[in-house]
Amino acid sequence: MRILIVDDDYVSRTKLKALISSYGDCDAVYDGALAVSFFERAWEDRAPYDLITMDVDMPGILGQDVVRKIRAWETDKKCYQNGKEVRILMISSMKDGKSVFTSFSHGCEAYLVKPVTPADIQKSLGELGFAPVKK
């Protein structure tokens, strides 16, 4: 499984990578524009991401707008892995109803509020159909 972690905070990126690395190979980027670029390049390289974790509040492009761009790209290119869109898990300190609602309306499948625990990650990824890779 391939995973893209998107968060502008270095500590959050590092923590998420440690928590999620047992599920697959992780790339991590610090802003939304890079996330879109990595996502598109992964498809060009025929190695698309299975999961994206996305922060909401980032400089430049908000995470919700990145999700909308990714969903539009998938629709436009008709690129789906195994017939499905990439799974997107929002992980943010934003817990107000508007942020959560906007995230889901733009196309995420799950939403966690920071700080997240290993149990939070395990539960959300399990609900999305992912399991740790046995090594």
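Going by the structure above, here's the rest.
Residues numbered from 1 in each chain as written. Predicted model: local features only at pLDDT ≥ 70, side-chain atom pairs only at ≥ 80, totals over all residues. Heavy atoms only, no water.

Student: Explain the pattern of salt bridges here, please?
Tutor: Pairs can form between side chains of opposite charge whenever their charged atoms are close. Counted according to the given criterion, the structure contains 8 salt bridges. Where Lys114 meets Asp7, a salt bridge forms, and the shortest distance between an N and an O atom there is 2.6 Å. With Lys114 in the loop between strand 5 (110–113) and helix 5 (118–127) and Asp7 in the loop between strand 1 (2–6) and helix 1 (10–20), this residue pair connects regions lying 107 residues apart in the sequence. Its salt-bridge partner being Arg71, residue Glu85 comes within 3.7 Å of it at the nearest N-O pair. Residue Glu85 is located in the loop between helix 3 (63–77) and strand 4 (87–92), and its partner Arg71 is located in helix 3; the two are separated by 14 residues in the primary sequence. In this structure Glu85 comes out as partly exposed when scored by relative accessible area, which is 33%. (Salt bridge = Lys/Arg side-chain N within 4 Å of Asp/Glu carboxyl O. Helix = DSSP H or I, 4+ residues; strand = E, 2+ residues; numbered from the N terminus. Buried < 20%, exposed > 50% of the residue type's maximum accessible area, 1.4 Å probe, protein only.)

Student: Can you walk me through the packing of helix 3 against helix 4 (residues 97–106) in this structure?
Tutor: Packed helices, taken two at a time, are described by the angle between their axes plus the distance between the axes. Contact geometry for helix 3 and helix 4: axes closest at 8 Å, N-to-C directions at 10°. Overall, the two elements helix 3 and helix 4 adopt an arrangement that is roughly parallel. Contacts from Gln64, Asp65, Val67, Arg68 and Arg71 in helix 3 reach Ser99, Thr102, Ser103 and His106 in helix 4. Looking at the contact of helix 3 with helix 4 residue by residue, the class counts come to 1 nonpolar, 5 polar and 3 charged. (Axes fitted to C-alpha atoms, helices over the stretch in contact; angles between N-to-C directions. Parallel < 35°, antiparallel > 145°, perpendicular 65-115°, else oblique. Contact = heavy atoms within 4.5 Å. Nonpolar A, V, L, I, M, F, W, Y, C, P; charged D, E, K, R; others polar.)

Student: Whenever I open this one, the nonpolar core confuses me. Can you help?
Tutor: As a rule of thumb, nonpolar side chains are buried together in soluble globular proteins. Counting residues in hydrophobic clusters, the biggest one holds 23 residues, and the most contacted among them are Val6, Ile52, Met54, Ile88 and Met90. Ranked by residues supplied to this core, first place goes to helix 2 (residues 32–44) with 5 residues. Look past the residues within four positions of Met54 in its chain and what remains in contact with it is Val6, Ala35, Gly63, Val66, Val67, Ile88, Leu89, Met90 and Ile91. Membership of the second largest hydrophobic core comes to 17 residues, among which are Leu51, Ile121, Leu128 and Phe130. (Core = buried A, V, L, I, M, F, W, Y, C linked by side-chain atoms within 4.5 Å.)

Student: Would you mind going over the sheet that holds strand 3 (residues 51–54) with me for this structure?
Tutor: Think of a sheet as strands paired side by side through backbone hydrogen bonds, with each pair either parallel or antiparallel. Judged by pairing direction, the sheet is parallel, and its 5 strands sit side by side in the order 2-1-3-4-5 without closing on themselves. Because the sheet does not close on itself, it has two edges, and the strands there are strand 2 (25–29) and strand 5. The mean angle between the axes of side-by-side strands here comes to 20°, regardless of whether they run parallel or antiparallel. Where strand 4 lies against strand 5, 4 bridges are found, and the strand directions are parallel. In the strand pairing of strand 5, Leu89 is matched with Ala110. Here helix 3 sits on the sheet in contact with strand 3 and strand 4, set at roughly 175° to strand 4. The sheet contacts of helix 4 involve strand 4 and strand 5, and relative to strand 5 the element is tilted by about 150°. (Pairing = 2+ DSSP bridges.)

Student: Would you mind going over the packing of aromatic side chains with me for this structure?
Tutor: Tallied over the entire structure, the rule returns 2 aromatic pairs. Taking 5.2 Å as the distance between ring centres and 80° as the angle between the ring planes, the aromatic pair formed by Phe39 and Trp73 counts as edge-to-face. Note that Phe39 is positioned in helix 2 and Trp73 in helix 3, a separation of 34 residues in sequence. Here the two residues Phe39 and Trp73 agree in accessibility, since each one is buried. Centroid distance Trp43 to Trp73: 6.3 Å. Interplanar angle 40°. Geometry classified as tilted. With a gap of 30 residues between them, Trp43 in helix 2 and Trp73 in helix 3 connect regions that are remote in the sequence. Taking relative accessible area as the criterion, Trp73 reaches 15% and is therefore assigned buried. A network of ring pairs unites the aromatic residues Phe39, Trp43 and Trp73 as a single cluster. Sitting above the plane of the Tyr49 ring, Arg2 keeps its charged end 4.4 Å from the centroid. (Phe/Tyr/Trp six-rings, centres within 6.5 Å; stacked < 30°, edge-to-face > 60°. Lys NZ or Arg CZ within 6 Å of the ring centre and 35° of its normal.)

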